[in-house]
Amino acid sequence: MKKIQSLGIIGLVFALINCQSVNYNKMFYGDVQPEKVSDQFSFTEGPSSDKHGNVYFTDQPNDKIYYWDWKTNKIIEFLGKTGRANGTHFDKDGNLITCSDDQGEIWKISKDKKIEVILKGFQGKRLNGPNDIWNDAHGGMYFTDPLYERDYWVGFKQEIPHKSLYYRTKEGQTIKLETFVQPNGIVGSEKFKKLYISDIDEGKTYVYDILGEGKLSEKRLFCEMGSDGMTLDKHGNLYLTGKGVHVFDRHGKKIYHIPIEEDWTSNVTFGGENHDILFITASKSVYTLPTKVKGVK
């Protein structure tokens, strides 16, 4: 009986391993590795895909925004003097929303490069430095405000003692939702009604249920890993960054790792014509990786 039970357990283990292999095979091409598109930057961040599949990203030390044109596989400069843009996301009207932390602001940038500062502070005080952002279908936006004091800030004095998650309504009201040790990467999904946020210094990523406009459930631990940036695919798998890209299933179990030969992998998103190319920002470079899955909106 014990022998049969042992064999059953061994069989179960192999079945689980095989099941995971099938999952990998359904998501990634085994013989395709990340391709370095360009290494002309100082530190890349904040990738976001427009409705055409082109991916916009920032080079914060050089105060520039570029985009990757998927048709030509070329990198094109979009804007200089970006307010030191870091994280970005497109709103429902196709404007690029940027966490421009030079003055602790959030900007709205139209396709024809018209700039509007849509948030300057909270309750009359300068934000620490908006870092990452996700726009919802209501026209509102969730954003993180950690503190990474930059050497290019002039005369900075911390006015807000906490590091928090905020929501800005479409009418322009800003609400503090929750305080963290050092909130960083954020991503949400209208399809799954979920919002994910990483507390990078705590080494944890949390998940909320989205209950309404700017309304969240109590946070729940998603996994024991912090992240600089993140994205979701259509199956609900979450992609976290740091040393390469780490893929977790919707239950918070790590299922895959994409190594990137750079000091740090900052962020990731899906782009391309079919929204199935993983675009990765990593230190001085950007990479693309075709996959068998698509990103989720």
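Coordinates for the structure precede this section.
Quick caveat, the model's predicted, so the values are computed rather than measured. (Residues numbered from 1 in each chain as written. Predicted model: local features only at pLDDT ≥ 70, side-chain atom pairs only at ≥ 80, totals over all residues. Heavy atoms only, no water.)

Draft legend 1. Expanded view of the pairing of strand β13 (residues 141-145). Burial within β13 is extensive, with 5 of its 5 residues counted as buried. Examined bridge by bridge, strand β12 (residues 132-135) and β13 share 4 bridges and lie antiparallel to one another. Across the sheet, the residue bridging to W134 is Y142, located in β13. Taking the residues between adjacent antiparallel strands as the criterion, β12 and β13 are bridged by 5 residues, where G139 takes a positive phi near 95°. Of the pairings in the sheet, the one linking β13 to strand β14 (residues 163-168) comprises 5 bridges and is antiparallel in character. If you follow F143 over to β14, its bridge partner there is Y166. (Buried < 20%, exposed > 50% of the residue type's maximum accessible area, 1.4 Å probe, protein only. Helix = DSSP H or I, 4+ residues; strand = E, 2+ residues; numbered from the N terminus. Pairing = 2+ DSSP bridges.)

Draft legend 2. Broad picture of the nonpolar core. Counting residues in each nonpolar core, the largest one holds 16 residues, and the members touching the most others are M27, F28, Y239, I258, L278 and I280. When contributions to this core are tallied by element, the ones reaching two or more residues are β23 (244-248), β24 (254-258), β25 (267-271), β26 (277-282) and β27 (285-290). If one sorts the elements of this core by residue count, β26 sits on top with 3 residues. Those residues in contact with I280, other than ones at most four positions away along the chain, are V245, I260, T265, N267, V268, S285, V286 and Y287. (Core = buried A, V, L, I, M, F, W, Y, C linked by side-chain atoms within 4.5 Å. Contact = heavy atoms within 4.5 Å.)

Draft legend 3. Molecular detail of the layout of surface pockets. What the largest pocket holds in volume is close to 700 Å³. Around the largest pocket, the lining is made up of 38 residues, and of these S49, H89, F90, W134 and K297 lie nearest the centre. Listing elements by their share of the lining of the largest pocket, those giving two or more residues are β2 (44-49), β6 (85-90), β12, β16 (183-189), β21 (230-232) and β25. The class makeup of the residues in the lining of the largest pocket is 12 nonpolar, 16 polar and 10 charged. (1 Å grid on protein atoms, 1.4 Å probe; cavity = no way out; pocket = protein on both sides within 12 Å on 5 of 7 lines; lining within 4 Å. Points joined across faces, edges and corners; volume = space filled by probe spheres on them. Nonpolar A, V, L, I, M, F, W, Y, C, P; charged D, E, K, R; others polar.)

Draft legend 4. Up close: the sheet that holds β26. With respect to topology, 4 strands assemble into an open sheet ordered β1-β27-β26-β25, the strand pairing being antiparallel. Each edge of the sheet is formed by a strand with only one pairing partner; in this case those strands are β1 (35-38) and β25. Each adjacent strand pair in this sheet contributes to an overall mean axis angle of 30°, direction not counted. Strand direction decides the pairing type here: β1 and β27, joined by 3 bridges, are antiparallel. Bridged to E35 within β27 is T288. (Axes fitted to C-alpha atoms, helices over the stretch in contact; angles between N-to-C directions.)

Draft legend 5. View of the side chain of T231. Mapped onto the elements of the fold, T231 is located in strand β21. When residues no more than four places from it in sequence are discounted, the contact partners of T231 are V187, N237, L238, Y239, V268, T269, F270 and L278.

Draft legend 6. Seen up close, the sheet that holds strand β5 (residues 74-80). Ordered in space as β2-β3-β4-β5, the 4 strands form an open sheet in which the pairing is antiparallel. Two strands in the sheet have a free side with no partner beyond their single neighbour: β2 and β5. Taking the axes of each pair of neighbouring strands and ignoring which way they run, one obtains an average angle of 25° across the sheet.

Draft legend 7. Representation of a positive patch on the surface within the structure. Together, K191, K234, R250 and K294 give the surface a local cluster of positive charge. The residue R250 is located in the loop between β23 and β24 in this model. Under the relative-accessibility criterion, R250 is labelled partly exposed at 45%. (Patch = residues over 30% accessible without salt bridge, like charges linked within 9 Å, V, L, I, M, F, W, Y side chains within 5 Å. Areas by Shrake-Rupley, 256 points an atom, 1.4 Å probe, with all protein chains shown as cover. Salt bridge = Lys/Arg side-chain N within 4 Å of Asp/Glu carboxyl O. Lys, Arg positive; Asp, Glu negative; His and termini not counted. Charge placed at Lys NZ, Arg CZ, Asp CG, Glu CD.)

Draft legend 8. Quick look at the packing of aromatic side chains. This structure, assessed with the given rule, holds 18 aromatic pairs. Where W134 meets Y142, the ring centres are 6.1 Å apart and the plane angle is 25°; that geometry is what we call stacked. In this structure Y142 comes out as buried when scored by relative accessible area, which is 0%. Among the aromatic residues, those joined into a ring-pair cluster are F41, F57, Y66, W68 and F279. One Lys or Arg, R126, reaches over the ring of W153 and ends 4.7 Å from the middle of that ring. In this structure, K219 is placed above the aromatic ring of Y206, and the distance from its NZ or CZ to the ring centre is 5.1 Å. (Phe/Tyr/Trp six-rings, centres within 6.5 Å; stacked < 30°, edge-to-face > 60°. Lys NZ or Arg CZ within 6 Å of the ring centre and 35° of its normal.)

Draft legend 9. Representation of the environment of L96 within the structure. Position of L96 among the secondary structure elements: in strand β7 (residues 96-100). For L96, a relative accessible area of 1% translates into the label buried. Look past the residues within four positions of L96 in its chain and what remains in contact with it is Y56, I65, T88, H89, F90, W107, K108 and I109.

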